[in-house]
Amino acid sequence: MTTTLPLLPARPPADDDLPVGAREHLTTTPFGLYVHVPFCATRCGYCDFNTYTSDELGPGANRAEYAGTAIAELHRAARVLGPDLPTVSTVFVGGGTPTLLPAEDLAAVLAAVRELFPVADGVEVTTEANPESVTPRSLATLRAAGFTRLSLGMQSAAEHVLAVLDRRHTPGRAAQAAREAVAAGFEHVNLDLIYGTPGETDADWAASLDAVLAAPVDHVSAYALIVEDGTRLARRIARGELPMPDDDVLADRYVQADTVLRGAGFDWYEVSNWSRGDAARCRHNELYWANANWWGVGPGAHSHVGGVRWWNVKHPAAYAQRLAAGEGPVADREVLEPADRALETVMLGLRLRDGLPLTALSDTGRARAADAVARGLLEPAAHAGGRAVLTDRGRLLADAVVRDLTD
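Only a predicted model underlies this, so the values are computations on that prediction, with no experimental measurement involved. (Residues numbered from 1 in each chain as written. Predicted model: local features only at pLDDT ≥ 70, side-chain atom pairs only at ≥ 80, totals over all residues. Heavy atoms only, no water.)

Moving on, we get to the side chain of Thr148. Tracing the chain through its elements places Thr148 in the loop between helix H4 (136–145) and strand E5 (149–155). Apart from residues no more than four positions distant in its own chain, Thr148 is found in contact with Val123, Glu124, Val125, Arg143, Phe186, Glu187 and His188. (Helix = DSSP H or I, 4+ residues; strand = E, 2+ residues; numbered from the N terminus. Contact = heavy atoms within 4.5 Å.)

Right, here's the structure in full:
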């Protein structure tokens, strides 16, 4: 269960906005910053993220002023978390399409992070980007500012699949952008793929995987297409224009991706993520999966510190107005009970290559884990050693395994 607290007061936040217990391990728990940039050039048909095109923004919000608004929330974060500030180990700029902002604006946000917070040596700094939203010049500016990692939304190498997804880039642009990032000095480059799009063939998916392997990347994320309610894609499927993704096809696509990527030297470390060695893992995402601490900057962004979770107002105009008035942008927050935190530890940990200790499960969960071993869903050797670790078959049914061990 969760305990919902009242909205944070409309005033500059004080140190006591976080309960004392939330600060107990603040400086010793890994800490990251997420910066949400809610702008997109167009709305992709499958996307239900908190993003806005120029036509959707309305009055009171614009790209030109956004960096300054985000920096204002960073100042708020430093006030709330201080005086003993946690060291920032990762920064992740996501969206939306962060690189629709000038590279100089993203550099200014990162400079503010360094000004306001202690930053770890070797900090990981990631920005997401659409392939058409970066250039060699913008990438060089970002790298010089301290960005170390680029995550590109490739989705597919098939032009007709990109069209169904309403993506704007050409099939070869993602790989070219990856090469430009490496030339600019980025240490790590990721390509995101989506499989199971209506109309995608076996050959299309094979070509997408081949294109990834031909690019200079050390990390790949591959996600099954999810048809979200309220999206253009969902409406097209409801009208019968496109078929619903087939579960068996999705499973086949996943197995194919895993086989190809592992054959090329990528190892899976989370159900949907593969890397060339531990150094190429996304440390910011690992921070989420470990239930560590992070502050989310931006409209609709979520934060978590010491068992307290909160989220900002969703619309960029309302977000900007609150900060301009010296008010906090938080919409609501909740304090997680110990049972909630234990449940999330299981839900997240089971998706990781290392799994989690059997002691993290309830008595019922441990009994069901033994049954999952018998059904080929959990590794027998790991189970004998006291851990729940998904088999290859278990990864295909990861969500079902999680439900079974947590119900």
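The subject of this paragraph is a nonpolar patch on the surface. Judged by side-chain polarity, Val255, Leu396 and Leu397 come together as a nonpolar surface patch covering roughly 210 Å² of accessible area. The residue Leu396 is located in helix H15 (residues 392–396) in this model. (Patch = residues over 30% accessible without salt bridge, like charges linked within 9 Å, V, L, I, M, F, W, Y side chains within 5 Å. Areas by Shrake-Rupley, 256 points an atom, 1.4 Å probe, with all protein chains shown as cover. Salt bridge = Lys/Arg side-chain N within 4 Å of Asp/Glu carboxyl O.)

Together, Asp246, Asp247, Asp248 and Asp252 line one region of the surface with negative charge. When you line up the elements, Asp252 lands in helix H9 (residues 247–263). (Lys, Arg positive; Asp, Glu negative; His and termini not counted. Charge placed at Lys NZ, Arg CZ, Asp CG, Glu CD.)

This part takes up the nonpolar core. In terms of nonpolar packing, the biggest core is built from 93 residues, with Phe117, Val217, Trp295 and Leu378 touching the most fellow members. With 9 residues, helix H2 (residues 66–81) is the single largest residue contributor to this core. Residues in contact with Val217, not counting those within four places in the same chain, are Ala178, Val189, Leu191, Val212, Phe266 and Arg276. (Core = buried A, V, L, I, M, F, W, Y, C linked by side-chain atoms within 4.5 Å. Buried < 20%, exposed > 50% of the residue type's maximum accessible area, 1.4 Å probe, protein only.)

On to the pattern of salt bridges, then. Within this structure, the stated rule accounts for 22 salt bridges. A salt bridge links Glu180 to Arg173, with the nearest nitrogen and oxygen atoms 2.9 Å apart. Accessibility expressed as a relative area gives 17% for Arg173, which makes it buried. Arg351 is the salt-bridge partner of Asp399, the closest N and O atoms lying 3.3 Å from each other.

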